[in-house]
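This is what each chain is made of:
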Amino acid sequence: MGLLFYSKKNKSSAQSADIFVILSIMTSSALFRISHNTCIKCYSCVRICVVKAIRVEVNTELPTIIPERCIGCGSCYRACSPAAISYRSSIQEVKELMASGQKVAAICDPAISGEFRDITDYRKFVKMIRNLGFAYVIEISFGVDLVAAEYKKLFEDFRGKYHITANCPAVVSFIEKYHPSLISNLAPIVSPMIATASVVRQRYGQDIKIVAIGPCIAAKDEALKFEGNERIDSVLTFTELRNLFTEFDIQESHLEFSEFDPPLGNRGSLYPISNGLLQSAVISEDLLGGTVITAEGRDNMIRAVTEFDTRVDLIRRHINLFYDEGCLMGPGTSAGGEKFLRHTLVTDYANKRLMTFDADSWQSHINSCSGLDLSRGFLADDQRLPIPPDETIEDVLKMIGQQEQSDNTVGCESCGYPSCREFAIAIAQGLATTEMCHIFSGRNRQQYIQTLRTTNEKLASTQEALRISEEQSRHEKESQIEESGLISAMLQQLVSGVVIVDENLRILHANKAFIRILGEEAAMVDEVIPGLEGADLKSLLPVHFYKLFSFVLTADESVERKDVQYGDGLLNVSVFPLRSKKFVGGIVRDMFMPEVYKEHSNTLMREVIDQNFDTVQKIAFLLGEGAAKTEQMLNAIIESHKSQGKK
Ligand code: SF4
Ligand code: SF4
C-alpha cells in the first residue's frame, strides 16, 4: 500500500491551502487482512464496514479488504467471531529495534489506565515496559496538553471557519477518502502521538527510536505518514504489548515501582475519554456558550461528518470527533472492555497523577516546546464510487428477485448491507455478489437441486439405453461370429477351392480345398499361418493366375470359369467382386478331380445342348423330323455319363 508523507513547508502550493505536497511514497503491507482459511462467510465484516472497504469475491464468495478504501477503524477485526481478520503486527519490528543497540523510547497513551486494570499501580506498568528494553518510558499525556493548547487557540481565534478535530486517524482517513471537500475543515494540528514524538526527539536526541503504545490500530498507518522529528518507528497496540509481556515473562509481582520519564503530563491523562482533549485545555463545552460539539462512536461520527458537510452554516460549531467511543474503547485494547468502568479507571488515574502534579516543572516543559511545529496537512484520496444508474440497480434487483424493493430502504441485512437497494448498488459497484443474498442463494439452491435431479434421471435413462444397446450389439456380434463360423465351416466342406482376398491381394480366408489345390508349398504355409490368413496371394500363385484377381479388383467385374494352367494340372477359376474394389472371392476347381471333371462335362454338355438346341431344332425343322430324337439322344448321353460317375 502506498502511503504519503506530508510537508509542512508548501502549504500554499496544493489545491487547497491546507493540503501539503507529497514528499515521497513508501510501501507497507496492508493494515488488515482476512484469512480465507478461517473465514466462515458470515459477512459480519461486510455489515459493519461503513465505507464498503470489503469486497466479496465472485468465485469464492470470500471477503477481501480493499486497502485503498479502508480507514483502519478496526470494526471488522472486532466483529469477526472466528478471528479470521488480523492486523499488521509490529512485534517483530519492535524486537529488532531493541536488538539494534540504539536507544528506544516508549511513548504511552494514557488509555493504559483503562486497559491495564489488572496492574495495580501505573509505576509497575512503567517498570514492566522498561524491562522489555526501552531506555525511556514517556507519557503521551504531555503531547495531549500541547495539542489541546493548539486547539484552544484555533477555536478561540475564530476566523469564520469551523473545524473538525484531527486526533483520530480513522476520522482523518474517513474525511480524506469519503468527504474530501471537508479536508480544509480538518484542524491542521498533529495528533498527541506525533506531538509527543517531536517532544521526545527535542529532549532525548534526534537519533532516538520511538515506539508508540496505544489502543489504536489505525495509528500504525498514521505513523507512516510522518518523518523527521515526528517519525514514529513502530506502533504497538495494548494487545501486542500484553503479548510481549507474556513472551518475556514480565510480571508485575516481580518488579519495583518506576516513574515515567519527563516531561510529565497534566490533564492530558483525560484524553482517552472523547471530550478529554477539550477538558485538558479547558475548552468550553457549555451547551449555551460553547462552540464545540463532541461526537463519538461509528454512527455518530458518520452522522456528524455528513451533517457538517451539508449544514455547517446552520450548525456553526466545531466538531470534536472520534470513531470509537473514545480511545479507551479503541480496537487495539482487549476485547470485552466495559466503557464506563474504563471511563472511571481513566479519571481515577488522572486524579492520582494530578495529586503529584508539579505545575512549575510542567510549565517549564511546555515553554521549552514553544518552538515545536505542531501543524500538519492532509491529502485528498477520493475513494467515492459513482452510484450506478437507476436502471442498473433495478436490473440487479430483478436478478436477485427483489424488484419490489427498488424504492425501499429496508432488507433482511443478512447480505451485510442495510437494504436490498444498497446491496444491489454494491453488486453493481463490484463489491458484492448475488450469492450473498440468502433468499437468492436459497432459490438458486432449490433450482440447482431440481436440475441435479433431472440430470440424474436423464443420466439413469441414458445409462439404461446404453446398457440395452451394448447388449444388442453383443448379441449381434455373437451372431456374426456364429454365422461367420458356420460359413467358414460350410466353405471347408466344399470340393472347390475358395479364397477371399483384400485390395492388396492379402488372403482373408482360404478353405482347405484351395490349399490342397495349390499343393505342398501352400500346405507348409498353412501350418505356420492357419488358413493362409494374411498371406500374399502373389507369393503363392503364378502371375497369370493372380492377375485374374488383380483384374477383378481393378475392373470390378467377374471372370467366370476360366481355365488356368497350374503346374501339370488344369484349374477352372471363377473370380468375382465381393465388395467393389475392396474384396474379391475366387472359386478354384481342379479339373483333374473326378467330381469336378464330371460336373464340368455335364455343364459343358448342357452348354453344348443349349448352344446347339436352336440349330438342332432348325435342322430338325428343315428335316421335318429328328430334332426330338437328337435331344433325346444327347440327354441319354448325359444320363449315361452321370450313372457311370455313380459307380
Ligand atoms: S466477519 Fe468477515 S472475515 Fe470474519 S468470518 Fe465473517 S465474513 Fe469472514
Ligand atoms: S478496518 Fe474499518 S474500514 Fe477497514 S475494512 Fe475493517 S471495517 Fe472497513
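Since this is a predicted model, take the numbers as computed values, not measurements.

Engineer: Could you give me a rundown of the overall build of the protein, with the residues and numbers involved?
Structural biologist: Within the protein, the regular secondary structure consists of 23 helices and 17 strands. The buried share among the 647 residues of the protein stands at 46%. A sequence separation of at least 24 residues applies to 68% of the contacts in the protein between residues at least 6 apart. For the protein, the exposed surface amounts to about 33,100 Å²; the carbon and sulfur share of it is 53%.

Engineer: Summarise the site of ligand 1; cite the residues concerned and give the values.
Structural biologist: Lining the immediate environment of ligand 1, one finds I34, C39, I40, K41, C42, Y43, S44, C45, P63, C80, P82 and I85. Tallied by class, residues from the shell around ligand 1 come to 10 nonpolar, 1 polar and 1 charged.

Engineer: Break down helix α7 (residues 169-178) for me, citing the residues and quoting the values.
Structural biologist: Among the 10 residues of α7, 10 are classified as buried, and the element is accordingly described as predominantly covered. Taken together, the buried positions of α7 are P169, A170, V171, V172, S173, F174, I175, E176, K177 and Y178.

Engineer: If you had to explain the pattern of salt bridges to someone new, which residues and values would you point to?
Structural biologist: Pairing of side chains with opposite charge becomes possible as their charged atoms draw close. Summed over all chains, the structure comprises 27 salt bridges. For E247, the salt bridge goes to K95, with nearest N and O atoms at 2.7 Å. Taken together, the residues span a long stretch of sequence, with E247 in helix α10 (residues 238-247) and K95 in helix α3 (residues 91-99) at a distance of 152 residues. With relative accessibility at 46%, the residue E247 sits in the partly exposed group. Sharing partners across several salt bridges, the network here consists of E115, R242 and R342.

Engineer: Give a description of the nonpolar core that names residues and reports values.
Structural biologist: With 105 residues, the main nonpolar core has M193 and I232 as its most contacted residues. When residues of this core are assigned to their parent elements, the largest contribution, 7 residues, is made by helix α6 (residues 141-156). Among the domains, domain 1 (2-29 + 88-368) and domain 2 (390-436) are the pair contributing at least three residues each to this core.

Engineer: Residue-level account of the site of ligand 2, with values.
Structural biologist: Inspection of the region around ligand 2 gives 13 residues, with C49, C70, C73, G74 and C76 positioned closest. Of the residues that constitute the shell around ligand 2, the class distribution is 10 nonpolar, 3 polar and no charged.

Engineer: Break down the side chain of R88 for me, with residues and values.
Structural biologist: Mapped onto the secondary structure, R88 falls in the loop between β6 (85-87) and α3. Here S29 takes part through its backbone oxygen, which lies 2.7 Å from a polar atom of the side chain of R88.

Engineer: Give a detailed account of the packing of aromatic side chains, specifying residues and quantitative values.
Structural biologist: For the coordinates displayed, the defined rule picks out 18 aromatic pairs. Relative to F423, the ring of Y417 lies with its centre 6.1 Å away and its plane at 35°, an arrangement referred to as tilted. The class for F423 is buried, based on a relative accessible area of 1%. Every member of this aromatic cluster is reached through a ring pair, and the members are F116, F125, F238 and F245. Across from the ring centre of F257, 3.9 Å away, lies the NZ or CZ of R123, which sits over that ring.

Engineer: Provide a residue-level description of the packing of α3 against α10, including the pertinent values.
Structural biologist: The geometry of a pair of packed helices is captured by two quantities: the angle between their axes and the separation between those axes. Close contact between α3 and α10 brings their axes to 11 Å; oriented N to C, the two are set at 60°. Classified by the angle their axes make, α3 and α10 are oblique. Our pair here, α3 against α10, has a crossing hand that is right-handed. Where α3 approaches α10, its residues I91, V94 and K95 are matched on the opposing element by E240, N243, L244 and E247. Residues that form the contact of α3 with α10 fall into these classes: 3 nonpolar, 1 polar and 3 charged.

Engineer: Break down the sheet that holds strand β8 (residues 136-139) for me, citing the residues and quoting the values.
Structural biologist: Ordered by their spatial adjacency, 4 strands build an open sheet running β8-β7-β9-β10, and the pairing between neighbours is parallel. Looking at the sheet topology across the chains shown, the edges are occupied by β8 and β10 (234-237). Each strand of the sheet is rotated relative to its neighbour by a mean of 25°, with strand direction disregarded. Note: strand β7 (residues 104-108) against β8, 4 bridges, orientation parallel. Each residue of the ladder has a partner; that of I107, found in β8, is I138. Seen against the sheet, α3 touches β7, β9 (209-214) and β10 and runs at an angle of roughly 125° to β10.

Engineer: So what's going on with unusual backbone geometry? Residues and values would help.
Structural biologist: The peptide bond linking P262 to P263 adopts the cis configuration, its omega dihedral lying at 5°. For P263, the location among the structural elements is in the loop between α10 and α11 (276-280). Even without glycine at this site, D556 takes up a positive phi of about 60°. If you trace the backbone, D556 turns up in the loop between α21 (543-555) and β15 (559-566). On the basis of relative accessible area, D556 is assigned to the partly exposed category, the value being 32%.

Engineer: Which residues make up the pairing of β7, and what values do they have?
Structural biologist: Most of β7 sits out of view: 5 of its 5 residues are buried. With 5 bridges joining them, β7 and β9 adopt parallel strand pairing. Across the sheet, C108 pairs through a bridge with I213, a residue of β9.

Engineer: How would you sum up the pairing of β15? Please name residues and give values.
Structural biologist: Direction of pairing for β15 relative to strand β16 (residues 569-579): antiparallel, over a ladder of 6 bridges. Looking across to β16, one finds that D563 is bridged to N572. Counted along the chain from β15 to the antiparallel partner β16, the turn is 2 residues long, and its residue G567 has a positive phi close to 60°.

Engineer: I'd like a description of the confidence of the model for the protein, backed by residues and values.
Structural biologist: In regions of low pLDDT, the predicted coordinates are not meant to be interpreted in detail. When the pLDDT values of the protein are averaged, the result is 84; 85% of them are 70 or greater. Across the protein, element-level confidence peaks in β7 with a mean pLDDT of 98 and bottoms out in strand β2 (residues 22-27) with 40. Confidence over residues 9-27 falls short of pLDDT 50; this stretch has 48 contacts with residues more than four positions distant or in other chains. Counting contacts from residues 623-627, a segment whose pLDDT is below 50, to residues more than four positions away or on other chains yields 5 contacts.

Basis of the calculations
Per chain, residue numbering runs from 1 following the sequence as it is written. Throughout, the order in which chains and ligands are written sets their labels, letters from A for the former and numbers from 1 for the latter. This being a predicted model, a pLDDT of at least 70 is required before a residue's local features are given, and a value of 80 or more before pairs of side-chain atoms are given or counted; all residues contribute to the totals for chains, interfaces and linings. Excluding hydrogens and water, the side-chain figures rest on all heavy atoms present in the structure. For the purposes of this entry, the term helix denotes a DSSP run of H or I that reaches at least four residues, the term strand denotes a run of E that reaches at least two, and both are numbered from the N terminus. Here's how the labels work: a residue is buried when its accessible area is under 20% of the maximum for its type, exposed when over 50%, partly exposed in between, all with a 1.4 Å probe on protein chains only. Contact criterion: two residues are considered in contact whenever any of their non-hydrogen atoms come within 4.5 Å of each other. Every accessible area reported is derived by Shrake-Rupley at a probe size of 1.4 Å, with residue values counting cover from the shown protein chains alone. Summary of the distance rule: residues count as near a molecule or strand when at least one heavy atom falls within 4 Å of that molecule or strand. Residue polarity follows a fixed list, in which Ala, Val, Leu, Ile, Met, Phe, Trp, Tyr, Cys and Pro are nonpolar, Asp, Glu, Lys and Arg are charged, and the others, Gly among them, are polar. The term salt bridge refers to a side-chain nitrogen of Lys or Arg lying within 4 Å of a carboxyl oxygen of Asp or Glu. To define a nonpolar core, start from buried Ala, Val, Leu, Ile, Met, Phe, Trp, Tyr and Cys residues and group those joined through side-chain atoms within 4.5 Å. Note that the domain bounds reflect an automated or database-derived domain assignment. Here a polar contact is taken to be a pair of N or O atoms separated by no more than 3.5 Å, where protein atoms must pair a possible hydrogen donor with a possible acceptor and residues adjacent in sequence count only if both atoms sit in side chains. Each aromatic pair joins two rings of Phe, Tyr and Trp (for Trp, the six-membered one) with centres within 6.5 Å, and gets the label stacked for planes under 30 degrees apart, edge-to-face for over 60, and tilted for any other angle. Our definition puts a charge over a ring when NZ of Lys or CZ of Arg is within 6 Å of the ring centre and also within 35 degrees of the ring normal. Axis definition: a line fitted to C-alpha atoms, over the contacting stretch in the case of helices. Angles run 0 to 180 degrees between N-to-C directions. Throughout, the term roughly parallel applies to angles under 35 degrees, roughly antiparallel to angles over 145, roughly perpendicular to angles from 65 to 115, and oblique to all others. For a crossing to be left-handed, the near helix must be turned anticlockwise from the far one by less than a right angle; the clockwise case is right-handed. Any two strands are treated as partners once DSSP identifies two or more bridges connecting them. As a per-residue measure, pLDDT reflects the predictor's confidence and takes values from 0 up to 100.

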